[in-house]
Amino acid sequence: MSVVLVRVDQRLLHGQVAVGWVPSLDADRVVIADEALAADAFGREVMTSAAPPELTVDVFTLPEAAERFAGLSGRTILLVRNPAALLELVRLGARVQEANIGGLHWKEGTRRFLDYMYVTPEDVTALSELARSGVQLTALDLPGNPKVDLVAALADGRLAFDNLSPRHP
Amino acid sequence: MNPPYPTLLVTHRGYGEGLLAAAEAILGTRPNIDRISNEGLSPDALLGAIEGWLDAHGSPAIVLTDLGFGSCAQSSRLATRNRPESVVMAGVNLAMILALLRSREHEELRTMLQHLRERTLQSVCVYVGGQPLEESHP
């Protein structure tokens, strides 16, 4: 097996992932690493019940996902909700080499970096720590669209919170 | 006057607005249906917007949404989890909107929902070379 994509997406498993990424990567499994969803039976059922039938979907806590990371079977897409969760996954021992920031949408207190990437200061801090840990970070909402190198954006200040626009979408 | 079953469209991007504009073109009047797009909204923001609409419109209420496995349907289901008389119906298309507008004034809720589902399924027609799929030749 391999984890074919590690993705940060607030919406976790949704249309862009199921219809865009799964066929593009020929993935057959999605692992969602999320504490809140793992503790919420109804939310889990909502998230997983309508997934395409050919897709295996598992929901783990972050420690469970980190422990299983190296041994996950199938062609797996691993989803986390925010950069802090990804950082925690790495700190717990998951050897993540590359990660895709695919959907951090507007909420109060965020600033715009891309149309699909609004960040808080905490998000930028977590991304900086991930970059320092050697994780290759790119922003990309859908396969086929242009990738944005976030490690470079962190290095040259484009992703510094104070340099971003507070405008609402 | 408010319709007996207040209705909200929750869709990706401009799909909801497009459906309402198309219905208006057919009916001559703008349907009394509200809409929310998920565009640019975090899951919490979308959930809050749907819950706010449900709070303002009471129960029973109907939420129509597009992809059954998408963020719109997920947030809609989460918003109605403790509202037993609120409905989420995924797979919305123009036929469903028109059937709803014809029936929501005078049908009991569950009867109307079954009717809506049947009309929506019946609206999917496939023709090959002008002939129904089952009668077309390979």
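This one's a predicted model, so the numbers in the text were calculated from it and none came from an experiment.

Procedures and definitions
- Residues numbered from 1 in each chain as written.
- Chains lettered and ligands numbered in written order.
- Predicted model: local features only at pLDDT ≥ 70, side-chain atom pairs only at ≥ 80, totals over all residues.
- Helix = DSSP H or I, 4+ residues; strand = E, 2+ residues; numbered from the N terminus.
- Rg over C-alpha atoms; globule rule 2.2 N^0.38 Å.
- Buried ≥ 20, exposed ≤ 12 C-beta atoms within 10 Å, placed from the backbone.
- Contact = placed C-beta atoms within 7 Å.
- pLDDT = per-residue confidence, 0-100.
- Pairing = 2+ DSSP bridges.
- Axes fitted to C-alpha atoms, helices over the stretch in contact; angles between N-to-C directions.
- Parallel < 35°, antiparallel > 145°, perpendicular 65-115°, else oblique.
- Left-handed = near helix turned anticlockwise from the far one by under 90°.
- Nonpolar A, V, L, I, M, F, W, Y, C, P; charged D, E, K, R; others polar.
- Arc of directions from axis to C-beta.
- Right-handed = clockwise from strand over helix to strand, strands pointing away.

### Quick word on the overall build of chain A
Right, on to step 1. Per the secondary structure count, chain A includes seven helices and nine strands.
Right, on to step 2. Taking 15 Å as the expected radius of gyration for a compact globule of 169 residues, we find that chain A reaches 15 Å, a close match to that expectation.
Right, on to step 3. Along the three orthogonal principal directions, the C-alpha set of chain A runs to about 45 × 30 × 30 Å.
Right, on to step 4. Looking at chain A as a whole, 42% of its 169 residues are labelled buried.
Right, on to step 5. In chain A, the share of contacts with a sequence separation of at least 24, taken over all contacts with a separation of at least 6, comes to 70%.

### Section: helix α3 (residues 71-79) of chain B
Right, on to step 1. Within α3 of chain B, nine of the nine residues are buried, leaving the element largely enclosed by the surrounding structure.
Right, on to step 2. Burial in α3 of chain B covers these residues: Ser71, Cys72, Ala73, Gln74, Ser75, Ser76, Arg77, Leu78 and Ala79 of chain B.
Right, on to step 3. Considering only its buried residues, α3 of chain B is in contact with α1 (15-25) and α3 (41-49) of chain A together with β1 (7-11), α2 (43-57), β3 (62-65) and β4 (87-90) of chain B.

### Focus on the confidence of the model for chain B
Right, on to step 1. Of the residues in chain B, 98% have a pLDDT of 70 or more, and the chain-wide mean is 91.
Right, on to step 2. With pTM at 0.87, the complex prediction returns an ipTM value of 0.78.

### Here we look at the sheet that holds strand β9 (residues 148-149) of chain A
Residues and elements named next belong to chain A.
Right, on to step 1. Pairing is mixed in the open sheet, where seven strands are placed in the order β3-β2-β4-β1-β5-β8-β9. Looking at strand neighbours, the two that pair on one side only are β3 (56-60) and β9, the edges of this open sheet.
Right, on to step 2. Looking at chain direction, strand β5 (residues 98-103) and strand β8 (residues 136-139) are connected through four bridges and run parallel. Within the sheet, the bridge partner assigned to Glu98 lies in β8 and is Gln136.
Right, on to step 3. With respect to the sheet, helix α5 (residues 83-91) is in contact with β1 (2-9), β2 (29-33), β4 (75-80) and β5, its orientation differing from that of β4 by roughly 120°.

### Points about the environment of Leu9 of chain B
All names here are of chain B.
Right, on to step 1. Tracing the chain through its elements places Leu9 in strand β1.
Right, on to step 2. C-beta crowding within 10 Å serves as the criterion here: with 23 such atoms nearby, Leu9 is assigned to the buried category.
Right, on to step 3. Each C-alpha atom of the pair Leu9 and Cys72 lies 9.5 Å from the other, and the pair is 63 residues apart in sequence.
Right, on to step 4. Every residue in contact with Leu9, bar those within four places of it in the chain, is listed here: Gly16, Leu19, Ile33, Arg35, Leu64 and Val92.

### As for the packing of helix α1 (residues 15-27) of chain B against helix α4 (residues 94-103) of chain B
Helix-helix packing: each pair is described by the crossing angle between the helix axes and the interaxial distance.
Residue and element names in this part refer to chain B.
Right, on to step 1. Put simply, α1 and α4 touch, their axes get as near as 10 Å, and they point 55° apart. Here α1 is positioned oblique relative to α4, judged by the angle of their axes. Considering the relative orientation of α1 and α4, their crossing is right-handed. For the pair α1 and α4, contact is made by Leu19, Ala22, Ala23 and Ile26 and by Leu94, Ile97 and Leu98, respectively.
Right, on to step 2. Per-class residue counts for the contact of α1 with α4 are seven nonpolar, no polar and no charged.

### As for α5 of chain A
All names here are of chain A.
Right, on to step 1. Among the residues of α5, those classed as buried are Pro83, Leu86, Leu87, Leu89 and Val90. Buried residues of α5, viewed axially, fall in a sector of 155°; they line one side.
Right, on to step 2. Summarising the contacts, the buried residues of α5 are in contact with β1, β2, α4 (62-68), β4, β5 and α6 (121-132).
Right, on to step 3. Just downstream of α5, Gly93 is the residue with a positive phi angle, here 115°.

### Comments concerning the interface of chain A and chain B
Right, on to step 1. Counting residues at the interface gives 15 residues for chain A, matched by 17 residues for chain B.
Right, on to step 2. Secondary structure elements with two or more residues in the side of chain A that touches chain B: α1 and α3 of chain A.
Right, on to step 3. It is α3 of chain A that provides the largest number of residues to the side of chain A that touches chain B, a total of four residues.
Right, on to step 4. Of the residues belonging to the side of chain A that touches chain B, the class tally is eight nonpolar, five polar and two charged.

### Description of the pairing of β3 of chain B
All names here are of chain B.
Right, on to step 1. Here β3 shows no split at all, with Ile62 and Leu64 on one side and Val63 and Thr65 on the other all buried.
Right, on to step 2. Relative to β3, β1 is paired through four bridges, and the arrangement is parallel. The residue bridging Thr7 from the neighbouring strand is Ile62, located in β3.
Right, on to step 3. In the sheet, β3 pairs with β4 via four bridges, with the strands oriented parallel. Of the residues in β4, the one forming a bridge with Thr65 is Ala90.
Right, on to step 4. Each parallel crossover has a hand, and for β3 linked through α3 to β4 it is right-handed.

### What to know about the environment of Thr76 of chain A
Right, on to step 1. When you line up the elements, Thr76 of chain A lands in strand β4.
Right, on to step 2. Counting along the chain gives 71 residues from Thr76 of chain A to Leu5 of chain A, while the straight-line C-alpha distance between them is 6.9 Å.

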